[in-house]
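# A closer look at the structure
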Amino acid sequence: MREIPTQKIKLSTNNISVSIRREDLIHPFISGNKFRKLKYNLVQAKAENQETLLTFGGAFSNHIAAAAYAGKEQGFKTIGIIRGDELESKIMVNPTLKFAQECGMRFKFITREDYRHKTEEKFIENLKQEFGNFYLVPEGGTNEFAVKGCGEILTEEDSQYDFICCAVGTGGTISGLINSILPHQKVLGFPALKGDFLKEEIRKFAQKENWELITEYHFGGYGKVNPELIAFINRFYAENSIPLDPIYTAKMVFGVMDLIEKNYFPENSKILLIHTGGIQGIAGMNLKLKAKKLPTINVNE
């Protein structure tokens, strides 16, 4: 694991201090919170003498890319159950799926309707009949082992911060952060998708109450972006030399900066942003943006 730097963010106000933990630099291919989430899952898979990892994801899934590389690095076979049967013919033009396949991952492409049943016992049993025994890693990687890994993001030096902010997808990262914060700290989560169901998911794993979800910065839902967000990503990179992925971290950073402008944070607050990685997804997003003749993300991926 690489040393993880914390960088100060340039702000126009002197009353608020913002830093960002560069978890995106934790590993060249197993990025950010995916490294944290897979860490103890891989330990458990080895303890169970499993040889194969099976997991789930969409077209440009950070989790699929990370699981594929982690499997290759740790000596596991990997299987990806991919949402969208139309993608089967597009592997070579999809940067994420192409990378995962090059790491040795086998794919099973299923319809979006079938994908909704992915957590059901019968669905899993059918997969075992097809592929044999495997260690199942949930979509997004979130389970008790993932939360344990994400609980290691914060260090003793981070006691100086009043607010810890992160993007929220499946709830594993924020749960680990909540479990590891100190009494004077508060975690703010910025969901990347619509809906209020995440609170119950987080409460399954989080043992403290000093946290809040800020739900106004999803930009239309999961995977949705607009020119304002793209412009923000490019401007942030130009000012700070930090790339932001458009699905998760960019929405969180945009939200924090907007809340600072709206005086949400008390004077002299110290804020730590958690960069959860996902930079590999920029290439896929730019393909979609170019197809729609929209501005693209200009960062060094």
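First, a word on scope: everything that follows refers to the structure included in this document. This one's a predicted model, so the numbers in the text were calculated from it and none came from an experiment. (Residues numbered from 1 in each chain as written. Predicted model: local features only at pLDDT ≥ 70, side-chain atom pairs only at ≥ 80, totals over all residues. Heavy atoms only, no water.)

### As for helix 9 (residues 227–240)
The end-to-end C-alpha distance of helix 9, which contains 14 residues, comes to 20 Å, matching closely the 20 Å that a straight helix rising 1.5 Å per residue would cover. Along helix 9, the residues classified as buried are Leu-229, Ile-230, Phe-232, Ile-233, Asn-234, Phe-236, Tyr-237 and Asn-240. At its buried positions, helix 9 is contacted by strand 1 (6–8), helix 10 (249–261) and helix 11 (281–291). The opening residue of helix 9 is Asn-226, an N-cap whose side-chain oxygen sits 3.1 Å from the backbone nitrogen of Glu-228. Trailing helix 9 by a residue or two, Ser-241 shows a phi angle of about 55°, which is positive. (Helix = DSSP H or I, 4+ residues; strand = E, 2+ residues; numbered from the N terminus. Expected span 1.5 Å × (residues − 1). Buried < 20%, exposed > 50% of the residue type's maximum accessible area, 1.4 Å probe, protein only. Contact = heavy atoms within 4.5 Å. Polar contact = N/O pair within 3.5 Å; in protein donor to acceptor, adjacent residues only side chain to side chain.)

### Some details on the packing of helix 9 against helix 10
Running from amino to carboxyl end, helix 9 crosses helix 10 at an angle of 85°, the nearest separation of the two axes being 10 Å. As summarised for this structure, helix 9 and helix 10 are arranged roughly perpendicular, according to the angle between their axes. From helix 9, Glu-228, Leu-229, Phe-232, Ile-233 and Phe-236 reach across to helix 10, where they touch Ala-250, Lys-251, Val-253, Phe-254 and Met-257. Looking at side-chain class alone, the contact of helix 9 with helix 10 contains 8 nonpolar, no polar and 2 charged residues. (Axes fitted to C-alpha atoms, helices over the stretch in contact; angles between N-to-C directions. Parallel < 35°, antiparallel > 145°, perpendicular 65-115°, else oblique. Nonpolar A, V, L, I, M, F, W, Y, C, P; charged D, E, K, R; others polar.)

### Topic: helix 1 (residues 33–47)
Residues spaced three or four apart along an α-helix point in a common direction, a consequence of the helix completing one turn every 3.6 residues. Relative to the 21 Å expected for 15 residues at 1.5 Å per residue, helix 1 spans 22 Å between its end C-alpha atoms, a close match to the ideal helical length. The sharpest bend along helix 1 measures roughly 25° and falls at Lys-39. Within helix 1, burial applies to Asn-33, Lys-34, Phe-35, Arg-36, Lys-37, Leu-38, Tyr-40, Asn-41, Leu-42 and Ala-45. Its buried side turned inward, helix 1 meets strand 3 (52–57), helix 2 (62–74), strand 6 (135–136), helix 6 (144–150) and helix 7 (172–180). One or two positions beyond helix 1, positive phi appears at Asn-49, with a value near 60°. (Bend = angle between axes of the 7 residues up to and from the residue.)

### What about the sheet that holds strand 8 (residues 186–191)?
On the basis of which strands lie adjacent, the open sheet formed by 6 strands has the order 1-2-10-7-8-9 and mixed pairing. The two strands at the open ends of the sheet, each matched to only one other strand, are strand 1 and strand 9 (211–213). For this sheet, the mean inter-axis angle between neighbouring strands, taken without regard to orientation, is 25°. Note: strand 7 (residues 163–168) against strand 10 (residues 270–274), 3 bridges, orientation parallel. Each bridged residue has a counterpart across the sheet, and for Phe-163 the counterpart in strand 10 is Ile-271. (Pairing = 2+ DSSP bridges.)

### Considering the sheet that holds strand 3
Across the sheet, 4 strands lie side by side as 5-4-3-6; this open sheet has parallel pairing. Taken across any chain shown, the strands that pair with only one partner, and hence form the sheet edges, are strand 5 (106–110) and strand 6. Both strand 3 and strand 6 contribute to a ladder of 2 bridges, which runs parallel. Paired with Leu-53 across the two strands is Tyr-135, which belongs to strand 6.

### Focus on the packing of aromatic side chains
Scanning all chains against the criterion turns up 13 aromatic pairs. Ring pairs connect the aromatic residues Phe-190, Tyr-217, Phe-219, Phe-232, Phe-236 and Phe-254, which therefore count as one cluster. The side chain of Lys-148 reaches across the aromatic face of Tyr-40, ending 4.2 Å from its centre. (Phe/Tyr/Trp six-rings, centres within 6.5 Å; stacked < 30°, edge-to-face > 60°. Lys NZ or Arg CZ within 6 Å of the ring centre and 35° of its normal.)

### Observations concerning unusual backbone geometry
The phi dihedral of Asn-49 falls on the positive side, at around 60°, and the residue is not glycine. Note that Asn-49 resides in the loop between helix 1 and strand 3.

### A short note on the environment of Val-187
On the secondary structure map, Val-187 appears in strand 8. Judged by its relative accessible area of 0%, Val-187 falls in the buried class. Measuring from C-alpha to C-alpha, the distance between Val-187 and Lys-262 comes to 19 Å, with 75 residues separating the pair along the chain. Every residue in contact with Val-187, bar those within four places of it in the chain, is listed here: Ile-164, Ile-174, Leu-177, Ile-178, Ile-181, Asn-210, Trp-211 and Glu-212.

### So, the pairing of strand 2 (residues 17–21)
Among the 5 residues in strand 2, 5 count as buried, and that is most of the element. In strand 2, alternate side chains face the same way, and those of Ser-17, Ser-19 and Arg-21 on one face and Val-18 and Ile-20 on the other are all buried. As judged from the 3 bridges shared by strand 1 and strand 2, these two strands associate in the antiparallel manner. When the bridges of strand 2 are listed, Lys-8 appears paired with Ser-19. Summarising the sheet, strand 2 and strand 10 pair through 5 bridges and their orientation is parallel. When the sheet's bridge partners are listed, Val-18 is paired in strand 10 with Ile-271.

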